[in-house]
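Below are the chains, spelled out letter by letter.
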Amino acid sequence: MTVLKDSTQDQLLNLTDCKGELGFCTSSDLQTHSKESLQELLSDPRSSFFLSSADGQITTVNTGQNHSAGDQTLSALCPQLTWQQLGDATFCSEHRLRYAYMCGAMANGIASAELVAASANAGFLGSYGAAGQSLDAINTAIDYLEQHCGENNFCINLIHSPNEPEHEGKVVDLFIKRGITLIEASAYLNLTPAVIRYRLHGIYRDDNGIVQAPNKIIAKASRIEVATRWWNPPPEKMIAELLAKSEITAEQAELAKEIPMAVDLTAEADSGGHTDNRPALCMFPTFLALRDQIQQTQKYSVSLRLGLGGGIGTPSSAAAAFSMGAAYIVTGSVNQACVESGSSDNVRKMLAGTEQADVTMAPAADMFEMGVKLQVLKRGTFFPMRAEKLYTLYKSCASLEDIPPADKKQLEEQFFKTSIDDIWQQTQSFFNEREPKQIEKALKDPKHKMALVFRWYLGKSSRWANAGDATRQMDYQVWCGPAMGAFNEWAKNSCLEQAENRNVKLVAYNILHGCCLHLRLQMLKQQGVGIHASLFAQKPLSMDVLERFA
Ligand SMILES: Cc1cc2nc3c(=O)[nH]c(=O)nc-3n(C[C@H](O)[C@H](O)[C@H](O)COP(=O)(O)O)c2cc1C
């Protein structure tokens, strides 16, 4: 209500007074009497207006106009709801954003530096897909972001790598060296020394006695126990270990007790990539209750914030997230289909034709041995079936030599299209540079050697997809959630239907704009004014139309 102009305050009171007289206006009423003006007013989220009913007529009344409440019966108020009003304003102010909207990280640079810079320059947050990337590639991406984001903020992903703890530590060292103060931390089950070290770097107590931690983490979790770890201070045991190894100072250890590991946490529901396939409607309220409980117990000087990702690809799903209380929303799948993503045109085309049921779970490369799965596209590729076969063989065989001959033949001829010996050579070269311990372990443990060879296929399959290698289309591993299908349904017959027209700014602005329209229609409905869907087809708009609302 604070958005109403002074001249509207009386009207607001009158609306309250005549609550008992609220009526329901039908679509035909609106068509007859005020279709155009209502359409125009509703489609501009910056407008506040009343609907009033006099002599059975429905008329719109602009708040700016000199309107006397005495001669009409006010039916409903539609307050301004701009894109900036969605979510938690402190999320935007703290991270220097215009909109509480984030393009989540997508591994292997699928959330490319270009995609992140486009997000930054359009007023929302992008997270660079550093998972699976070499230190050199991450360093180059930071150079690009520093050059192309101006004063706007950006974020980089830190992914938990249980198989490569050394790499995770080196990525943190790089972030600290390059002064990266905002990261999206994901796939953690437990906190690691590396991520705690990142959070505590530069921590100090300010003149008001409040502990400030310049390095900020937007954590991502789909389990309540993981969220609990992020919203609490770093565990004392790990702090003691870091202190004993002189990786943090005694002062850092002391100050650590007063801050959460992360102020911002994204509850990740059924999404593309790593996911527990949890329904957003069930998990979000549970996370919200946890946030409130930890906030009460810890009495932090800052308020913890909860965002929502997973399944958001349309204005109404964004509206559902904000209605439940999301401080910000995170999209993923829909951004991979955009021109800036590090994926290929082949994949973008496949994604543009994806329906909601075209996704399935398949074994993940990074946590293959643990049986972890991720959500991928199944239409147009054999990857999910082939990856499942590899996992079955891994479980049933003690070593590569133990694989039945017929299966070995199938792997080498159809899946790998090269010999297992050749793959082992490539694997050794890769890990000798990145994590030599993996090779040492594999030489002692044949099952680990088998895992590394199978992970070659799982790793390559997403690279083939990103590179658009047409000879490997049947092996494409494309991480994707059902949000993609929902988006495609909505985008049908609009400027966003074709893959080549999709860019992160147009997608985000359409989601935000449509979300405001959706919420305003709901507000009217709750006041008894139902507006027929045919009057306001919530279809994507072009950038020319959208830009004036940004
Ligand atoms: C292709 C792809 C790759 C992803 N890779 C990562 C990743 O490396 N790190 C991460 O934190 N999240 C990753 N995600 C998750 C997204 O950041 C985001 O949280 C999620 O996609 C949101 O759900 P949605 O796919 O339903 O929009 C990935 C998602 C996709 C679609």
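Residues numbered from 1 in each chain as written. Predicted model: local features only at pLDDT ≥ 70, side-chain atom pairs only at ≥ 80, totals over all residues.

## Some remarks on the overall build of the chain
Rules: Only runs of H or I of at least four residues qualify as helices and only runs of E of at least two qualify as strands under DSSP, and these elements are numbered from the N terminus. Three exposure classes are used. Buried residues have 20 or more other C-beta atoms within 10 Å of their own C-beta, exposed residues have 12 or fewer, and partly exposed residues fall in between, all C-beta atoms being placed from the backbone.
Of regular secondary structure, the chain possesses 23 helices and 16 strands. Counting all 550 residues of the chain, 47% fall into the buried class.

## Considerations on the pairing of strand β16 (residues 373-377)
We count it as follows: When DSSP locates at least two bridges between a pair of strands, those strands are taken to pair.
β16 sits mainly inside the fold: five of its five residues count as buried. Examined bridge by bridge, strand β12 (residues 273-274) and β16 share two bridges and lie antiparallel to one another. Considered in β16, the bridge of H274 is made with L374. The sheet contact formed by strand β15 (residues 359-363) and β16 spans five bridges and is antiparallel. Its bridge partner lying in β16, P363 is registered against K373.

## Regarding helix α8 (residues 193-200)
Operational definition: Contact between two residues is assigned whenever their backbone-derived C-beta positions fall within 7 Å.
Where burial is concerned, most of α8 is hidden: seven out of the eight residues are buried. Residues of α8 that are buried include every one of A194, V195, I196, R197, Y198, R199 and L200, and no others. Buried residues along α8 sit against β6 (155-159), α7 (165-178), β7 (182-186), β10 (216-221), α10 (236-244) and α11 (250-255). Remark: G202 follows α8 within two positions and exhibits a positive phi of approximately 80°.

## A few points about the nonpolar core
Threshold: Here, a nonpolar core denotes buried Ala, Val, Leu, Ile, Met, Phe, Trp, Tyr and Cys residues that are linked to one another through C-beta atoms within 7 Å.
Ranked by size, the top nonpolar core spans 155 residues in total, and within it Y128, I183, I329 and L512 carry the most contacts. Once residues within four sequence positions are removed from consideration, I329 is found in contact with A100, Y101, G307, L308, G309, I312, A318 and A321.

## Observations regarding unusual backbone geometry
Its identity is not glycine, yet A187 carries a phi of approximately 70°, on the positive side. Positioned with a positive phi, N277 is a non-glycine residue whose angle comes to about 55°. With respect to the secondary-structure elements, N277 resides in the loop between β12 and α12 (280-298).

## Structural notes on the packing of helix α19 (residues 436-444) against helix α20 (residues 446-467)
The cut-off we apply is this: In this analysis, axes come from line fits to C-alpha atoms, helices being fitted only over the stretch in contact, and the angle between any two N-to-C directions falls in the range 0 to 180 degrees. Relative orientations are named as follows: roughly parallel for angles under 35 degrees, roughly antiparallel for angles over 145 degrees, roughly perpendicular for angles from 65 to 115 degrees, and oblique for any other angle. Handedness of each helix crossing follows the sense of rotation of the near helix against the far helix: counterclockwise by less than a right angle gives left-handed, clockwise gives right-handed. Note on residue classes: Ala, Val, Leu, Ile, Met, Phe, Trp, Tyr, Cys and Pro are nonpolar, Asp, Glu, Lys and Arg are charged, and everything else, Gly too, is polar.
Here α19 crosses α20 at 130°, and the two axes come no closer than 5 Å. Classified by the interaxial angle, the pair formed by α19 and α20 is oblique. Taken as a pair, α19 and α20 cross one another with a handedness that is left-handed. Judged by residue contacts, Q438, K441 and A442 of α19 engage H448, K449 and L452 from α20. Classifying every residue of the contact of α19 with α20 by side-chain character gives two nonpolar, two polar and two charged.

## A closer look at the sheet that holds β12
Spatial strand order, β12-β16-β15: three strands in an open sheet with antiparallel pairing. Strands with a single pairing partner mark the edges of an open sheet, and in this sheet they are β12 and β15. Strand contacts of helix α16 (residues 383-396): β15 and β16, with the helix running at about 30° to β15, the strand carrying the most contacts.

## Comments concerning the site of the ligand
Selection rule: We call a residue near a molecule or strand if the C-beta atom, set from the backbone, is within 6 Å of it.
With respect to spatial proximity, 29 residues lie near the ligand, and among them G104, S186, S271, G272 and G332 are the closest. Looking at the shell around the ligand, the elements that each hand over two or more residues are β6, β7, β14 (329-331) and α14 (333-336). In the shell around the ligand, the residues fall into 11 nonpolar, 15 polar and three charged.

## A closer look at the confidence of the model for the chain
Convention followed: pLDDT is defined as a per-residue confidence score from the predictor, taking values between 0 and 100.
Mean pLDDT over the chain: 89, with 88% of residues reaching 70 or higher. Contacts of residues 1-34 to residues separated by more than four positions or lying in other chains number 54 contacts, the stretch itself having pLDDT below 50. The low-confidence segment residues 62-71 (pLDDT under 50) makes 14 contacts with residues lying over four places distant or belonging to another chain.

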